[in-house]
Amino acid sequence: QIRLDRMKRKAADTEPQKAPLKRHAEYAEAIKTLNSQFADWVRSSLSSSPSKSLEPGFRDYSKHLSKLRTEFSDVLLSAPGEAEDEAAAGQCYVLGQGDMGQLGLGDDVCELARPSVLKPPGGLRAVAVACGGMHTLLLCEGGQLFSW
């Protein structure tokens, strides 16, 4: 209803709304940059030390993400599409081969051709995922790290 009301306003009336839309775009760009830097770090860490824990990087990512959410809290739920994004946030989807249990869906699921939702234990929200040939790591809000 609010979006429809906004669309019906005259151009002069919608001028103040440009700031939230710009802030939402800034948030999206900041998240894109953070994700890109994190992905680069994971690739680099895995190639230089494949047996070293990635947990410190996951915690750092989570801290930066929390700071961004705080910094942009004024627009996160008011910008178009964000409510839908927030509803899906924290979900993890898996697909592919899981013959070593890396799908996290139990020993009886060895392959998925279509994505399936993986629900973190205790209703936690997923923050980051790292996958390998025979394992998956899932970092949840609050710093809980799961491996399978």
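For the structure itself, consult the block above.
Residues numbered from 1 in each chain as written. Predicted model: local features only at pLDDT ≥ 70, side-chain atom pairs only at ≥ 80, totals over all residues. Heavy atoms only, no water.

*Asks:* Please clarify how the packing of aromatic side chains should be interpreted in this entry.
*Replies:* Applying the stated criterion to the full structure yields 4 aromatic pairs. A connected cluster of aromatic rings, assembled from ring pairs, spans F38, W41, F58 and Y61. (Phe/Tyr/Trp six-rings, centres within 6.5 Å; stacked < 30°, edge-to-face > 60°.)

*Asks:* Teacher, can you tell me more about the sheet that holds strand 4 (residues 136-140) here?
*Replies:* Across a sheet, paired strands are connected by hydrogen bonds in the backbone, their directions being either parallel or antiparallel. The 3 strands are arranged 3-4-5 in an open sheet whose pairing can be described as antiparallel. If you trace the sheet from one side to the other, it starts and ends with strand 3 (126-131) and strand 5 (145-147), each paired once. Taken pair by pair, the neighbouring strands of this sheet meet at an average axis angle of 15°, ignoring direction. The pairing of strand 4 with strand 5 spans 3 bridges and is classified as antiparallel. (Pairing = 2+ DSSP bridges. Helix = DSSP H or I, 4+ residues; strand = E, 2+ residues; numbered from the N terminus. Axes fitted to C-alpha atoms, helices over the stretch in contact; angles between N-to-C directions.)

*Asks:* What exactly am I supposed to notice about the pairing of strand 3 here?
*Replies:* Two faces belong to every sheet, and in a regular strand the side chains alternate between them. As paired strands, strand 3 and strand 4 are joined by 5 bridges and run antiparallel to one another. Across the sheet, residue C131 finds its bridge partner in strand 4, namely T136. Where strand 3 hands over to strand 4, the hairpin turn is made up of 4 residues, counted between the paired strands.

*Asks:* Is there a simple way to think about the pattern of salt bridges in this case?
*Replies:* Two side chains that carry opposite charge are able to pair once their charged atoms sit near each other. Inspection of every chain in the model, using the stated rule, returns 4 salt bridges. One continuous salt-bridge network, built from bridges that share partners, spans R69, R125 and E141. (Salt bridge = Lys/Arg side-chain N within 4 Å of Asp/Glu carboxyl O.)

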